[in-house]
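Chain and residue survey
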Amino acid sequence: MADSKPRVKVPETAAAGEVIVIKTLISHVMESGQRKDKDGNIIPRKIINKFTCEFNGKPVFSCDIAPAVSANPYFEFKAKVAESGTFKFAWVDDDGTIYADEKQITVK
Amino acid sequence: MNITRRQTLALSIGAAAFAVAGLRTGAANAAQEDVDKLIAEFTGGKAPEAGKIALNAPEIAENGNTVPVTVTVESAMAGDDVAESVMIIASGNPTPAVATFHFTEMSGEASATSRIRLAKTQDVVALAKMKNGAVYMDKKQVKVTIGGCGG
């Protein structure tokens, strides 16, 4: 779905070794596969099933997701930064689409 | 035997109530099996201990569609003292699995927040698996006013 727009909040600067908070949100219906439409047919499941975050190529946080995660999945987690670099985020849809975003951080 | 109209009514209500109760327990048992299976898969058969992990969820969730939950594991996130993964289970949902978080030493702190769906009032369970093999568990009951899984 083209309207799945990720939004990520990462502080622009941090001290070396500081533990920062990262907040992520992506707009997505997270159709659970449990609901039925007007005619009683089950609406097929369509969710984001995996979320990953890496920093300068190294994994920081990832998450396997079941349909019980709310629509517009929100994740807040922490990361320890030792150097300046780039956080890369990826959300994997059931249909194989990958939504990606990245953020720079400068360590002073 | 003469059965009056009133007796018939009472009998049928009783029978209906019994049938509903039977169905309810049946469904609950199936879910409990699923939950036990998920826990066993995650822990590898190890009995979870209490402590170290804290699950934070509201006592009463008005809307089961978005219930904020935070899970924090006490861990240095270095050497052997690393919380590798945390699994969240909603024991009363049609499918109890919710999410599994994976942390690394780069995480700094093993703490994550998300928003989840809860179908009804139930226990939410969080399990943490440490690098040294220990497994910790925390549980919290959340009262749900409006269910979040749709009909």
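Report follows, based on the coordinates. As the structure is a prediction and not an experimental result, all values here were calculated from the model.

Some thoughts on the overall build of chain A
If you tally the helices and strands in chain A, you get 0 helices and 8 strands. Reading the helices (α) and strands (β) of chain A from amino to carboxyl end gives β-β-β-β-β-β-β-β. Referenced to the eigenvectors of the C-alpha coordinate spread, the extents of chain A come out at roughly 60 × 20 × 20 Å. Residues classed as buried in chain A amount to 42% of the 108 residues present. Summarising the internal contacts of chain A: among those between residues at least 6 apart in sequence, 57% fall at separations of at least 24. Of the side chains in chain A, 16 bear a positive and 15 a negative charge, and the two mean positions are spaced by 5 Å.

Focus: the overall build of chain B
Tallying secondary structure elements over chain B gives 1 helix and 9 strands in all. When its helices and strands are written in sequence order, chain B yields α-β-β-β-β-β-β-β-β-β. Within chain B, the proportion of its 151 residues that are buried is 39%. Restricting to contacts in chain B with at least 6 residues of sequence separation, those with at least 24 account for 65%. For chain B, the computed accessible surface area is about 8,200 Å², with 56% contributed by carbon and sulfur atoms.

Describing the nonpolar core
Grouped together as the largest cluster of nonpolar side chains are 59 residues, with contacts concentrated most on F51(A), F61(A), F87(A), F89(A) and F101(B). The next biggest cluster of nonpolar side chains, apart from the first, holds 9 residues, and it includes L38(B), I89(B), V125(B) and L127(B).

Thoughts on the packing of aromatic side chains
Applying the stated criterion across every chain, the model contains 13 aromatic pairs over all chains. Ring geometry for F75(A) versus F101(B): centroids 6.3 Å apart, planes at 85°, classification edge-to-face. Taken together, the residues span two chains, with F75(A) in strand β6 (residues 74-81) and F101(B) in strand β6 (residues 97-103). Among the residues examined, F75(A) registers a relative accessible area of 0% and is labelled buried. Owing to a relative accessible area of 2%, F101(B) belongs among the buried residues under this scheme. Taking the centre distance of 6.5 Å and the plane angle of 50° together, the rings of F101(B) and F103(B) count as tilted. Like F101(B), the residue F103(B) is buried in the burial classification. Every member of this aromatic cluster is reached through a ring pair, and the members are F51(A), F55(A), F61(A), F75(A), F77(A), F87(A), F89(A), W91(A), F101(B) and F103(B). Between R115(B) and the ring centre of Y74(A), over which it is positioned, the NZ or CZ distance is 4.3 Å. Above the ring of F42(B), the side-chain terminus of K129(B) is found at 4.7 Å from the ring centroid.

Quick look at the interface of chain A and chain B
Counting residues at the interface gives 30 residues for chain A and 28 residues for chain B. Approximately 2,300 Å² of surface area, both sides summed, lies buried where chain A meets chain B, with 50% of it carried by carbon and sulfur atoms. The largest share of the area that chain A buries against chain B comes from A68(A), S70(A) and K78(A), three residues that together contribute 23% of it. Counting across the interface, chain A meets chain B through 1 salt bridge. A salt bridge links K78(A) to E109(B); its shortest N-O distance comes to 2.9 Å. Viewed at the interface, chain B and chain A are joined by 19 residue pairs in polar contact (both at pLDDT 80 or more). The set of elements that each furnish at least two residues to the side of chain A that touches chain B consists of β3 (18-26), β5 (58-65) and β6 of chain A. Ranked by residue count, the leading element in the side of chain A that touches chain B is β5(A), at 8 residues. Split into classes, the residues belonging to the side of chain A that touches chain B amount to 19 nonpolar, 4 polar and 7 charged. Pairing analysis gives 5 bridges linking β5(A) to β6(B), with the strands arranged antiparallel. By the bridge assignment for β6(B), S62(A) is matched with H102(B).

What counts and how
- Residues numbered from 1 in each chain as written.
- Chains lettered and ligands numbered in written order.
- Predicted model: local features only at pLDDT ≥ 70, side-chain atom pairs only at ≥ 80, totals over all residues.
- Heavy atoms only, no water.
- Helix = DSSP H or I, 4+ residues; strand = E, 2+ residues; numbered from the N terminus.
- Buried < 20%, exposed > 50% of the residue type's maximum accessible area, 1.4 Å probe, protein only.
- Contact = heavy atoms within 4.5 Å.
- Lys, Arg positive; Asp, Glu negative; His and termini not counted.
- Charge placed at Lys NZ, Arg CZ, Asp CG, Glu CD.
- Areas by Shrake-Rupley, 256 points an atom, 1.4 Å probe, with all protein chains shown as cover.
- Core = buried A, V, L, I, M, F, W, Y, C linked by side-chain atoms within 4.5 Å.
- Phe/Tyr/Trp six-rings, centres within 6.5 Å; stacked < 30°, edge-to-face > 60°.
- Lys NZ or Arg CZ within 6 Å of the ring centre and 35° of its normal.
- Buried area = accessible area lost by both parts, 1.4 Å probe.
- Salt bridge = Lys/Arg side-chain N within 4 Å of Asp/Glu carboxyl O.
- Polar contact = N/O pair within 3.5 Å; in protein donor to acceptor, adjacent residues only side chain to side chain.
- Nonpolar A, V, L, I, M, F, W, Y, C, P; charged D, E, K, R; others polar.
- Pairing = 2+ DSSP bridges.

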